[in-house]
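Residue-level structure breakdown
Okay, here's what each chain looks like letter by letter:
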Amino acid sequence: SYAELGKTMKDSELLSDAIETAARIVSDHFKASALIDIAESYAEIGDKEKASSLLPDAIKTAERISYDSAKAIVLRSTVRPIARIKDKEKARLLLSDLIKAAERINKDADKSYVLSVITESYAELGKTMKDSELLSDAIETAARIVSDHFKASALIDIAESYAEIG
């Protein structure tokens, strides 16, 4: 309806202002978090294109967070808007970017933490998206985890996700 269209246009204008404001945030942690939430809001109002265009910047910004635990939390939160986009190819590329970002996390617990949510998201999207390269990248990243405990945890999550999609 016209009223819904007007509300969506107003929401889009407000979110555009929010992006401009987020760009001026100095802290990478808070800037990435803001961009992720704005992307999720765009997905909620149906502008999946705009949502997916913000996420690569959010991931790159999150990668600059120096503290691994904070970086892992922010990277994990990126999965919510990725799932809302529901574009298989864009989701695959964004999940691949997340795996690469997880690879650069030093602490095993945090790396495993990010991989677990990536593979859970893959399982949800995987009902319509089978991508052995994505799982292979996740396994390679898990293989570089030093701690047997966290390596096993990541591999179990990957295996369960793969089994879930058949």
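Heads up: these notes are all about the structure in this document.

Procedures and definitions
Position numbers for residues count from 1 along each chain, tracking the sequence in the order it is written. Where totals are concerned, whole chains, interfaces and linings use all residues; where local detail is concerned, this predicted model gives features only for residues with pLDDT of at least 70, and gives and counts side-chain atom pairs only at 80 or more. Note that the side-chain values use all heavy atoms of the structure and ignore hydrogens as well as water. Numbered from the N terminus, helices here are DSSP runs of H or I no shorter than four residues, and strands are runs of E no shorter than two. For every residue, the accessible area (1.4 Å probe, protein chains only) is compared with the maximum for its type, and the residue is labelled buried under 20%, exposed over 50%, or partly exposed between those bounds. What makes two residues a contact is simply this: any of their non-hydrogen atoms within 4.5 Å. The Shrake-Rupley method, run with a 1.4 Å probe sphere, supplies the accessible areas, and residue values consider only the shown protein chains as cover. Take the buried Ala, Val, Leu, Ile, Met, Phe, Trp, Tyr and Cys residues and link them wherever side-chain atoms come within 4.5 Å; each set so joined is a nonpolar core. Stacked, edge-to-face and tilted labels apply to pairs of Phe, Tyr and Trp rings (six-membered ring for Trp) whose centres lie within 6.5 Å, assigned for plane angles under 30 degrees, over 60, and everything in between, in that order. A ring is scored as having a charge over it whenever the NZ atom of a lysine or the CZ atom of an arginine sits within 6 Å of its centre and within 35 degrees of its normal. To estimate how far a helix should extend, the number of its residues minus one is multiplied by 1.5 Å. Every angle, taken between N-to-C directions, lies between 0 and 180 degrees, and every axis is a line fitted to C-alpha atoms, over only the stretch in contact when it is a helix. What sets the label is the angle itself: under 35 degrees gives roughly parallel, over 145 gives roughly antiparallel, 65 to 115 gives roughly perpendicular, and the rest give oblique. In this count, Pro and Cys sit with the nonpolar residues alongside Ala, Val, Leu, Ile, Met, Phe, Trp and Tyr, while Asp, Glu, Lys and Arg are called charged and the others, Gly among them, polar.

1. Focus: the overall build of the protein chain
Counting its secondary structure elements, the protein chain contains nine helices and zero strands. Secondary structure of the protein chain in N-to-C order comes out as α-α-α-α-α-α-α-α-α. Per-residue burial over the protein chain gives 43% buried out of 166 residues. Long-range contacts, defined here as pairs at least 24 residues apart, represent 64% of the contacts in the protein chain between residues at least 6 apart. Summed over its atoms, the accessible surface of the protein chain is roughly 8700 Å², and 55% of this surface lies on carbon and sulfur atoms.

2. Digging into the nonpolar core
By size, the foremost hydrophobic cluster in this structure holds 45 residues, and its most contacted members are Leu75, Ile82 and Leu98. Excluding anything up to four places from it in sequence, Leu75 contacts Ile59, Ala62, Leu98, Ala101, Ile105 and Val114.

3. Points about the packing of aromatic side chains
All chains considered together, the criterion is met by zero aromatic pairs. Directly above the ring of Tyr113 sits Arg76, whose terminal nitrogen or CZ lies 3.9 Å from the centroid.

4. Things to note about helix 2 (residues 28-44)
With 17 residues, helix 2 should reach 24 Å at 1.5 Å per residue; the first-to-last C-alpha distance of 24 Å fits that figure. All buried positions along helix 2 are accounted for by Lys31, Ala32, Leu35, Ile36, Ile38, Ala39, Glu40, Tyr42 and Ala43. Residue Gly46 follows helix 2 closely and has a positive phi angle near 95 degrees.

5. Some words on the packing of helix 6 (residues 88-103) against helix 8 (residues 132-143)
Where helix 6 contacts helix 8, the axes come no closer than 10 Å and their chain directions differ by 10 degrees. The orientation of helix 6 relative to helix 8 falls into the category roughly parallel. Only Leu134, Asp137, Ala138 and Thr141 of helix 8 make contact with helix 6, whose side of the interface consists of Arg92, Leu95, Ser96, Ile99, Ala102 and Glu103. Residue composition of the contact of helix 6 with helix 8, by class: five nonpolar, two polar and three charged.

6. Comments concerning the environment of His29
Summarising the element assignment, His29 is placed in helix 2. On the basis of relative accessibility, which here comes to 28%, the residue His29 falls in the partly exposed class. Once the C-alpha coordinates of His29 and Ile73 are considered, the two residues, 44 residues apart in sequence, prove to be 9.7 Å apart. Aside from chain neighbours lying at most four places away, what touches His29 is Ile65, Ala70 and Val74.

7. Details of the environment of Tyr162
Here Tyr162 lies in helix 9 (residues 148-165). Taking the C-alpha atoms as reference points, Tyr162 and Thr119, 43 residues apart in sequence, are found 8.2 Å from one another.

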